[in-house]
Amino acid sequence: MSKNIIVTGGAGYIGSHTVVKLVESGFNPIIIDNFSNSSPEIISRIELICKKKIKTYNLNCSDQKKISENINWNEIDGIIHFAAYKSVSESFKKKEEYFLNNIESTNILLRISEKYNINNFVFSSSCTVYGNPTTLPVTEKTELKKPSSPYGETKKICEELIQCSAIKNFTILRYFNPIGAHESALIGEHPSNIPNNLVPLICECAIGKREKLTIYGNDYSTKDGTCIRDYIHVCDVAQAHVHALQNMIKKTKTKQIFNIGLSKGFSVLELIKLFEKNNNIKIDYEFGKRREGDVEKIYADCNLAKKELNWAPEKTIRIALIDAWNWEKEKKNLRQIIL
Ligand code: UFG
């Protein structure tokens, strides 16, 4: 019988792609999402891709009473916890809210896991826990520095909470920079507010929603002065969750942390050029000031995930940028689908 997997934040960017991968791999995902930064329409689109109804609870994971009462936790085999506030810049302005929401929800889910003996817990962490690293690429053994934002601090604290919990199996996935969208262009990144991340903003310039992209800083000590990141296709990130679950189900005691990236560093300028070349569109940009909370350069060593999870990225940056653009063009139809 297929395993029931709770996916908190399952309507969100990485969550929605993971739900699709779970269905494709024979799991039965059950979504908890309060649509605070996503659209309920995404659920219909996931169902369209999967040709299957996905049980969805419109609940806030920080509401212990409601999530305890509404879900039959005795039937749950695993939890993938994505639901969190995720804007680096916003986290400076709303520090308390970020701490309360991100840490409280993780805590509640851990207590539920312990109570109902749910032993397969996957946590959505971020390379932000490495802070501004001094050696590259970063491995899971690289020293954790102080994260450069309150958002990053919440991820670091959640990792510690998980490591201190009594659950037998957990996997912490530290994503680098997920980009792109599902190849069908039916799902992709769809924040309720103004996007903060580079690729959605490039896409908004390409489609004419904004005139120019501001590159945050060109005086970093990198090849062209702009920051370096490890961009990875969101479907490859989603697939890592499936491998993590399969690995935990196979073993009796697994407590592991993995980097999930493409293991290649691209500068902001290089990414813009690649977008222009592969989608045949010109992007207007200007250089602005450095952005608070940005690290200069970071990219991953993902050999551990290859070895232990048998996971490796399958899609190139080129495909990710084409998929991102196809999704941007398709997004305007988001409210028009009929199942
Ligand atoms: N950038 C610009 N202009 C923009 C937006 C971004 O120049 O308008 C630059 C940033 O300065 C950075 C790069 O593009 O150098 C990538 O920025 P993103 O906002 O896309 O991604 P971040 O690397 O800042 O953030 C990501 C995740 C976070 C995670 C963080 C850890 O979104 O969840 O990596 O470094 F915490």
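Predicted, not measured: the structure shown is a model, and the values here were computed from it. (Residues numbered from 1 in each chain as written. Predicted model: local features only at pLDDT ≥ 70, side-chain atom pairs only at ≥ 80, totals over all residues. Heavy atoms only, no water.)

**Considering helix α7 (residues 198–207)**
Logical step 1: Among the ten residues of α7, nine are classified as buried, and the element is accordingly described as predominantly covered.
Logical step 2: Those residues of α7 not exposed but buried are Leu 198, Val 199, Pro 200, Leu 201, Ile 202, Cys 203, Glu 204, Cys 205 and Ala 206.
Logical step 3: On its buried face, α7 sits against β7 (177–179), β8 (213–216), β10 (231–233), α9 (268–279) and α11 (317–331).
Logical step 4: Looking one or two residues beyond α7, the residue adopting positive phi is Gly 208, at roughly 95°. (Buried < 20%, exposed > 50% of the residue type's maximum accessible area, 1.4 Å probe, protein only. Helix = DSSP H or I, 4+ residues; strand = E, 2+ residues; numbered from the N terminus. Contact = heavy atoms within 4.5 Å.)

**Some thoughts on the site of the ligand**
Logical step 1: Lining the immediate surroundings of the ligand are 19 residues, of which Tyr 151, Leu 198, Thr 214, Arg 229 and Asp 294 lie closest.
Logical step 2: Asn 177 has a polar side-chain atom sitting 3.0 Å from an oxygen atom of the ligand.
Logical step 3: Leu 198 is positioned with one of its backbone polar atoms (N or O) 2.8 Å from an oxygen atom of the ligand.
Logical step 4: For the ligand, whose unbound accessible area comes to 680 Å², protein coverage reaches 91%.
Logical step 5: When residues of the shell around the ligand are traced back to their parent elements, those giving at least two are α7 and β8.
Logical step 6: Among the elements that line the shell around the ligand, the one with the most residues is β8, at four residues. (Near = heavy atom within 4 Å. Polar contact = N/O pair within 3.5 Å; in protein donor to acceptor, adjacent residues only side chain to side chain. Areas by Shrake-Rupley, 256 points an atom, 1.4 Å probe, with all protein chains shown as cover.)

**Remarks on the pattern of salt bridges**
Logical step 1: Within this structure, the stated rule accounts for 23 salt bridges.
Logical step 2: The shortest N-O distance in the salt bridge between Arg 210 and Glu 204 comes to 3.1 Å.
Logical step 3: Given the relative accessible area of 10%, Glu 204 is considered buried.
Logical step 4: A salt bridge links Lys 282 to Glu 276; the shortest N-O distance between them is 3.6 Å. (Salt bridge = Lys/Arg side-chain N within 4 Å of Asp/Glu carboxyl O.)

**A short note on the pairing of strand β2 (residues 28–32)**
Logical step 1: Of all the five residues making up β2, four are buried; the element is thus mostly covered by neighbouring parts of the structure.
Logical step 2: Looking at chain direction, strand β1 (residues 4–8) and β2 are connected through five bridges and run parallel. Along β2, the bridge assignment pairs Ile 5 with Pro 29.
Logical step 3: As for the winding sense of the linkage, the β-α-β connection from β1 through helix α1 (residues 13–24) to β2 is right-handed.
Logical step 4: Bridge count for β2 against strand β3 (residues 56–57) is two bridges, and the pairing is parallel. (Pairing = 2+ DSSP bridges. Right-handed = clockwise from strand over helix to strand, strands pointing away.)

**Considering the nonpolar core**
Logical step 1: Within the largest apolar cluster, 77 residues are counted, with the highest numbers of intra-cluster contacts made by Ile 46, Leu 213, Ile 260 and Ile 283.
Logical step 2: The greatest single-element share of this core, amounting to eight residues, is contributed by helix α8 (residues 234–250).
Logical step 3: If we skip the residues at most four places from it in the chain, Leu 213 touches Leu 198, Leu 201, Ile 202, Cys 205, Ile 272, Ile 283, Asp 284, Tyr 285 and Glu 286.
Logical step 4: One finds Cys 61, Ile 76, Ile 79 and Ile 172 within the second-largest nonpolar core, a separate group that totals 25 residues. (Core = buried A, V, L, I, M, F, W, Y, C linked by side-chain atoms within 4.5 Å.)

**Examining the side chain of Ser 105**
Logical step 1: Along the chain, the position of Ser 105 falls in helix α5 (residues 95–115).
Logical step 2: Among the polar contacts made by the side chain of Ser 105, one reaches the side chain of His 81 at a distance of 3.3 Å.
Logical step 3: Excluding residues that lie within four positions of it along the chain, Ser 105 makes contacts with Cys 61, Ser 62, His 81, Ala 83 and Leu 100.

**A look at the environment of Ile 202**
Logical step 1: One can find Ile 202 in helix α7.
Logical step 2: A relative accessible area of 0% places Ile 202 in the buried class.
Logical step 3: In the structure, Ile 202 is positioned 30 residues away from Ile 232 in sequence and 16 Å away in space, judged by C-alpha atoms.
Logical step 4: Each residue touching Ile 202, except ones within four places of it in the same chain, is listed here: Leu 213, Leu 271, Ile 272, Phe 275 and Ile 283.

**Here's the deal with the environment of Ile 43**
Logical step 1: On the secondary structure map, Ile 43 appears in helix α2 (residues 41–50).
Logical step 2: Residue Ile 43 is classed as buried on the basis of its relative accessible area, which comes to 9%.
Logical step 3: Sequence separation between Ile 43 and Asn 280 is 237 residues, and the spatial gap between their C-alpha atoms is 31 Å.
Logical step 4: Each residue touching Ile 43, except ones within four places of it in the same chain, is listed here: Ala 11, Ile 31, Phe 35, Ile 54 and Thr 56.

**As for α1**
Since the α-helix packs 3.6 residues into each turn, any two residues three or four apart lie on the same face.
Logical step 1: Taking 1.5 Å of rise per residue, the twelve residues of α1 would be expected to cover 16 Å, and the 18 Å separating its terminal C-alpha atoms lies within 8% of that figure.
Logical step 2: Most of α1 sits inside the fold, with eleven of its twelve residues counted as buried. (Expected span 1.5 Å × (residues − 1).)

**Details of the sheet that holds β1**
Logical step 1: Overall, parallel pairing links the seven strands, which are arranged β3-β2-β1-β4-β5-β6-β11 in an open sheet. Both outer strands of the open sheet, β3 and β11 (255–260), are each paired with one neighbouring strand and no more.

**With respect to the packing of α5 against helix α6 (residues 150–164)**
Logical step 1: Contact geometry of α5 with α6 gives a least axis separation of 9 Å together with a crossing angle of 20°. As summarised for this structure, α5 and α6 are arranged roughly parallel, according to the angle between their axes. In the packing of α5 onto α6, the handedness of the crossing is right-handed. Mapping the contact onto sequence places Lys 95, Tyr 98, Phe 99, Asn 102, Ile 103, Thr 106, Asn 107 and Leu 110 in α5 and Pro 150, Tyr 151, Glu 153, Thr 154, Ile 157, Cys 158, Leu 161 and Ile 162 in α6.
Logical step 2: Residues belonging to the contact of α5 with α6 are distributed by class as follows: ten nonpolar, four polar and two charged. (Axes fitted to C-alpha atoms, helices over the stretch in contact; angles between N-to-C directions. Parallel < 35°, antiparallel > 145°, perpendicular 65-115°, else oblique. Left-handed = near helix turned anticlockwise from the far one by under 90°. Nonpolar A, V, L, I, M, F, W, Y, C, P; charged D, E, K, R; others polar.)

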